[in-house]
Amino acid sequence: MPFKRELTELMDRVPGVLGAIIADWEGEAVDQVTRMDEYDLKLHGAHGGVILNNMREIMSRLNADDLQEIVVTAETMQTLLVPVTADYFLVVALDRAGSLGLALHAARLCADRVRMEIL
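The rules behind these values
- Residues numbered from 1 in each chain as written.
- Predicted model: local features only at pLDDT ≥ 70, side-chain atom pairs only at ≥ 80, totals over all residues.
- Heavy atoms only, no water.
- Helix = DSSP H or I, 4+ residues; strand = E, 2+ residues; numbered from the N terminus.
- Buried < 20%, exposed > 50% of the residue type's maximum accessible area, 1.4 Å probe, protein only.
- Areas by Shrake-Rupley, 256 points an atom, 1.4 Å probe, with all protein chains shown as cover.
- Lys, Arg positive; Asp, Glu negative; His and termini not counted.
- Charge placed at Lys NZ, Arg CZ, Asp CG, Glu CD.
- Contact = heavy atoms within 4.5 Å.
- Salt bridge = Lys/Arg side-chain N within 4 Å of Asp/Glu carboxyl O.

S.K.: If you had to explain the overall build of the protein chain to someone new, which residues and values would you point to?
M.R.: Broken down by element type, the protein chain carries 3 helices and 5 strands. Put simply, the protein chain runs from its N terminus to its C terminus through helices and strands in the order α-β-β-α-β-β-β-α. Projected onto its principal axes, the C-alpha positions of the protein chain cover 35 × 35 × 25 Å. Across the 119 residues that make up the protein chain, the buried fraction comes to 42%. Accessible surface computed for the protein chain: about 6600 Å², of which carbon and sulfur atoms make up 52%. Here the protein chain carries 11 positive and 19 negative side-chain charges, and the mean point of each set is 4 Å from the other.

Below, the structure is given as structure tokens:
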């Protein structure tokens, strides 16, 4: 399942995106594009999967709706986690100075396109 086109479009549309990766439910990379160290982006994907799975479990215990996205903000960067399906998710690494709103919008569009290709 190659998703380079969708990931590249996301990275090109949003200033400050350092990398984007589609990973499976185990956190394994399916496809990625990056301006940062490739290994670091894969770590984002792997650890993003852990965070996403833990939050899904919490939301389930609370009888809440499906998780839509997670935003993690640190001093120098932001990380967006967007579920694509039950088995796949998108992680976007964004420079702290980048536009979070624009990145969220582009990530949602990218996730929708990837979902359509998977299903």
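S.K.: Break down the side chain of Thr-85 for me, citing the residues and quoting the values.
M.R.: With respect to the helices, strands and loops of the structure, Thr-85 is situated in the loop between strand S4 (77–83) and strand S5 (88–95). Classification of Thr-85 as buried rests on a relative accessible area of 17%. When residues no more than four places from it in sequence are discounted, the contact partners of Thr-85 are Arg-56, Arg-115 and Ile-118.

S.K.: Please set out the pattern of salt bridges residue by residue, giving values where relevant.
M.R.: Using the criterion set out here, one finds 9 salt bridges in the structure. One salt bridge connects Arg-5 with Glu-6, and the closest N-O pair in it is separated by 3.1 Å. Taken together, the salt bridges that share partners define one network made up of Arg-5, Glu-6 and Glu-117.

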